[in-house]
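Here is what each chain is made of, one letter per residue.
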Amino acid sequence: GDLVKNPVALSETKLSYGGFLRYHLNDKVKIRGNFLYGYISGNDDNNSDSGLKQRGWSFEANILEACFIGEYHPFGRSRMGNTGIFARQVSPYVGLGLGIATFTPKVSVTNPQDVGLFPEQDEKTLSASVPIIFGVRADLMENFSLGVEIGWRATFNDYLDGVSKNGNN
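The numbering scheme is per chain: residues are counted from 1 as the chain's sequence reads. In view of the model being predicted, local features appear only for residues whose pLDDT reaches at least 70, and side-chain atom pairs are presented and counted only at 80 or more, with totals across whole chains, interfaces and linings using the full set of residues. With hydrogens and water excluded, all non-hydrogen atoms of the structure serve as input to the side-chain values.

A. Highlighting the nonpolar core. Grouped together as the largest cluster of nonpolar side chains are six residues: Leu3, Trp57, Phe59, Ala61, Phe118 and Val163. Contacts were defined at the residue level, with two residues in contact if any of their heavy atoms lie within 4.5 Å. Excluding anything up to four places from it in sequence, Phe59 contacts Leu3, Ile40, Ser41, Gly42, Lys106, Val107, Leu160 and Asp161. Residues belong to a common nonpolar core when they are buried Ala, Val, Leu, Ile, Met, Phe, Trp, Tyr or Cys residues joined through side-chain atoms within 4.5 Å. Here the term buried applies to any residue with accessible area under 20% of the maximum for its type, exposed to any over 50%, and partly exposed to those in between, with areas from a 1.4 Å probe on protein chains only. Core analysis: the second largest hydrophobic core is formed by five residues, Ile63, Ala101, Phe103 and Tyr159 among them.

Shown next as structure tokens:
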């Protein structure tokens, strides 16, 4: 964002939490409704540019997202096997979706002259989102599976960090 040159600052990486309802169209294709709560933060202290480091801005924001995601399980097969008896399986998958995200950025500054710069006027705290996910799911019992996934969200909004116009030269 506007506080760090690198797209990901590992020291600022946080977990997010959510839930979803999945519908199995067939063994390989699933769709789901997703709700996600996340927390992001950033700090000029993580920037390699000494001028930005001295600026001393930081931010934190809560993000809520609701979306629909289509999943593709390339190795998916019937949970009941050919015999009609439950068959455990592990299935990697990829997903792509469309949703809406709302966020509440809060900017902190160390220089008293910068206090009046935030919040920026006319900035939107609602945005379309495109989730991209990679995961793996293990069917442990007939009605229970456990999964883990990693995902990214494109939001098409420069205001997630609360800094947009004032952060650019």
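Don't stop here, the text continues.
B. Fine view of the environment of Ala61. By the criteria applied, helices consist of DSSP H or I runs no shorter than four residues and strands consist of E runs no shorter than two, each listed in order from the N terminus. Take Ala61: it is sitting in strand 3 (residues 58-72). C-alpha of Ala61 to C-alpha of Leu117: the two residues are 56 residues apart in sequence and 17 Å apart in space. Not counting residues up to four positions away in its chain, the partners in contact with Ala61 are Gly38, Tyr39, Ile40, Thr104, Pro105 and Leu160.

C. Examining the environment of Asp158 more closely. In this fold, Asp158 is placed in the segment after strand 6 (144-154). Here the alpha-carbon distance between Asp158 and Ser127, two residues 31 residues apart in the chain, equals 9.8 Å. Contacts of Asp158, omitting those with residues within four sequence positions, involve Asp2, Val163, Ser164 and Asn168. Counting of polar contacts relies on pairs of N or O atoms within 3.5 Å, with two restrictions inside protein: one atom must be capable of donating a hydrogen and the other of accepting it, and residues adjacent in sequence are counted only when both atoms are side-chain atoms. A polar atom in the side chain of Asp158 sits 2.9 Å from the side chain of Ser164.

D. Main features of the pattern of salt bridges. A pairing counts as a salt bridge when a side-chain nitrogen of Lys or Arg comes within 4 Å of a carboxyl oxygen of Asp or Glu. If you walk through the whole model with that rule in mind, you get seven salt bridges. A salt bridge links Glu71 to Arg22, with the shortest nitrogen-to-oxygen separation between them at 3.1 Å. In this pair, Glu71 is assigned in strand 3 and Arg22 in strand 1 (residues 16-24), connecting sequence segments 49 residues apart. Of the charged contacts, one joins Glu123 and Lys165 as a salt bridge, the two residues approaching to 3.1 Å between their closest N and O atoms. With Glu123 in the loop between strand 4 (89-108) and strand 5 (126-141) and Lys165 in the segment after strand 6, this residue pair connects regions lying 42 residues apart in the sequence. Classification of Glu123 as partly exposed rests on a relative accessible area of 22%. When its relative accessible area of 49% is taken as the criterion, Lys165 is described as partly exposed.

E. Quick peek at the packing of aromatic side chains. When two rings of Phe, Tyr or Trp (its six-membered ring) have centres within 6.5 Å they constitute a pair, described as stacked for plane angles under 30 degrees, edge-to-face for angles over 60, and tilted for the intermediate range. Counted by the stated rule, this structure contains two aromatic pairs. Ring geometry for Trp57 versus Phe118: centroids 4.9 Å apart, planes at 85°, classification edge-to-face. Of this pair, Trp57 sits in the loop between helix 1 (50-55) and strand 3 while Phe118 sits in the loop between strand 4 and strand 5, and the two are 61 residues apart along the sequence. Summarising the burial analysis for this pair, Trp57 and Phe118 share the class buried. For the ring pair Phe134 and Trp152, a centre distance of 6.0 Å and an interplane angle of 75° mean the geometry is edge-to-face. Of the two residues, Phe134 sits in strand 5 while Trp152 sits in strand 6, which places them 18 residues apart along the sequence. Since its relative accessible area comes to 42%, Phe134 is described here as partly exposed. A residue is classified by how much of its surface remains accessible, and Trp152, at 46% relative accessible area, is partly exposed. For a lysine, the NZ atom is tested; for an arginine, the CZ atom; a charge sits over a ring if that atom is within 6 Å of the ring centre and within 35 degrees of the ring normal. The cationic tip of Arg32 hangs over the ring face of Phe20; the distance from NZ or CZ to the ring centre is 4.2 Å. Sitting over the face of the ring of Trp57, Arg55 holds its NZ or CZ atom 3.9 Å from the ring centroid.

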